[in-house]
Amino acid sequence: MTTHEDTMSTVITNIATLVTNDPSLGDNSPLGLVRDAAVVIDGDRIAWTGESSKAPATDNRVDAGGRTVLPGFVDSHSHLVFAGDRTEEFNARMSGRRYSAGGIRTTVAATRAATDGQLEANLTRFLAEALRQGTTTFETKSGYGLTVQDEARALRVAAAHTEEVTYLGAHIVAPEYAEDPAAYVELVTGEMLDACAPHARWIDVFCEKGAFDGDQARAILTAGKARGLHPRIHANQLSHGPGVQLAVELDAASADHCTHLTDADVDALANGSTVATLLPGAEFSTRAEWPDARRLLDAGVTVALSTDCNPGSSFTSSVPFCVALAVRDMGMTPDEAVWSATAGGAAALRRTDIGRLTPGARADLTLLDAPSHVHLAYRPGVPLVAGVWRNGTRVV
């Protein structure tokens, strides 16, 4: 039964800068910036955006106090169903040891030993942390169970909290199959897929030396597509490889990391519909080479920014931090980084209802205690998020 309260309308007014991500609005830039703006929420949707003086009458009014409003961040790549941490590994790596895919096994052992309740408590703690920093939509993956039972339960836990759930049985070869990776691929594409497909929207694979090669990755993603799961792929993170080309070939929603690219890789992304999702938290946390966002953007590639929040190589849930890194170290402008963390993330999830603030979009908004979105990069590390609305309800 719908109550009156469910359909109450609210205007947020006195907004110094409103980021709509609609280039037909405001300054006609990709961010569609409207100055001295207002936005109207009706139920769980955006009903109106425009200049504050032209805002229609509503049931409620919120004064933004000359602050910035932008779409809630869309974190399209995270690994939040896990137990334990890898403090010792991080400490050792910061003393000179490079990251390799094998470190995942430590988290696999801890995750298998955890109860469902412990996994869910951990997940909700990180979701609350991300929400306080303006993230209103997140994708998360399995990948730390690597057995039929543990992968399926990870996805069940995740699906209770987000619709963007990814089956990543192909994170690494399970320790039990170290001597027979072909048998593990058979498990991932057979019994494990059968158990996991009902709980997921996406299928992912870590296509990398030390994980899965191009042929294995193709077999895994193709099997997932046959079961109705759409591909995404960990591609070209640690070295050059076939991941990006495979992503475009299979119409993957996103190729994630994209650190080591050939000109052919960039051309493939520019001519396909696969989004390049960049994850600067991983490079920051591993002292690795930064992805060249400028090269991708100049070629016309759609770029998303995400946290890659995971306990091994990028233990941050902060999209604002990743925005600042992208501007400082990856050649992005502040406008490009903000777009990539909102509309870009939505594109990486093939969603049109989020990542923008235009009539009909979901009412997911972040209020910054700053007069401009540029402050996300200009004031790195400062907790600027002063309010968050998700589905039309203020939650922060």
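Our subject is the structure listed above.
Please read all numbers here as calculations on a predicted model, not as lab measurements. (Residues numbered from 1 in each chain as written. Predicted model: local features only at pLDDT ≥ 70, side-chain atom pairs only at ≥ 80, totals over all residues. Heavy atoms only, no water.)

## Some thoughts on the overall build of the protein chain
Counting its secondary structure elements, the protein chain contains 14 helices and 17 strands. For the protein chain, the C-alpha radius of gyration of 21 Å lies close to 21 Å, the compact-globule estimate for 396 residues. In terms of its C-alpha atoms, the protein chain occupies a principal-axis envelope of roughly 70 × 50 × 40 Å. Of all 396 residues assigned to the protein chain, the portion counted as buried reaches 57%. Just so you have it, the protein chain exposes about 15,200 Å², and 50% of that area is on carbon and sulfur atoms. (Helix = DSSP H or I, 4+ residues; strand = E, 2+ residues; numbered from the N terminus. Rg over C-alpha atoms; globule rule 2.2 N^0.38 Å. Buried < 20%, exposed > 50% of the residue type's maximum accessible area, 1.4 Å probe, protein only. Areas by Shrake-Rupley, 256 points an atom, 1.4 Å probe, with all protein chains shown as cover.)

## Let's talk about the state of the cysteines
Across all of its chains, the model carries zero disulfides by this definition. Not part of a disulfide, Cys207 finds its nearest cysteine sulfur in Cys258, a span of 12 Å. (Disulfide = S-S within 2.5 Å.)

## Looking at the side chain of His375
Following the sequence through the fold, His375 ends up in helix α14 (residues 375–378). By relative accessible area, His375 is classed as buried at 17%.

## A look at helix α9 (residues 263–271)
For α9, the full list of buried residues reads Asp265, Val266, Ala268 and Leu269. The buried residues of α9 occupy an angular sector of 160 degrees when projected down its axis, which confines them to one face. Among the exposed residues of α9, those oriented more than 90 degrees off its buried face are Asp263 and Asn271. In this structure, the buried residues of α9 make contact with α8 (243–249), β12 (254–257), β13 (275–278) and α11 (293–298). (Arc of directions from axis to C-beta. Contact = heavy atoms within 4.5 Å.)

## Structural notes on the pattern of salt bridges
The full count for this structure, using the stated rule, is 24 salt bridges. Notably, a salt bridge pairs Arg201 with Glu164, separated by 2.8 Å at the nearest N-O pair. With Arg201 in the loop between α6 (191–196) and β9 (202–207) and Glu164 in the loop between α4 (148–159) and β8 (165–170), this residue pair connects regions lying 37 residues apart in the sequence. Residue classification places Glu164 among the buried positions, given a relative accessible area of 1%. Linking Asp251 and Arg350 is a salt bridge whose minimum nitrogen-to-oxygen distance equals 2.9 Å. Separated by 99 residues along the polypeptide, Asp251 in the loop between α8 and β12 and Arg350 in the loop between α13 (334–348) and β15 (365–368) bring together distant segments of the chain. Under the relative-accessibility criterion, Arg350 is labelled partly exposed at 32%. It is possible to trace a salt-bridge network through shared partners that takes in Glu163, Glu164, Arg201, Arg351, Asp353, Arg362 and Asp364. (Salt bridge = Lys/Arg side-chain N within 4 Å of Asp/Glu carboxyl O.)

## A look at the pairing of β13
Burial along β13 is two-sided: Val275 and Thr277 facing one way and Ala276 and Leu278 facing the other are all buried. The pairing of β12 with β13 spans three bridges and is parallel. Across the sheet, Asp256 pairs through a bridge with Thr277, a residue of β13. Tracing the backbone out of β12, into α9 and back to the parallel element β13 gives a crossover that is right-handed. Direction of pairing for β13 relative to strand β14 (residues 303–305): parallel, over a ladder of three bridges. Bridge pairing links Leu278 to Leu305 in β14. (Pairing = 2+ DSSP bridges. Right-handed = clockwise from strand over helix to strand, strands pointing away.)

Coordinates in, geometry out; function isn't part of it.
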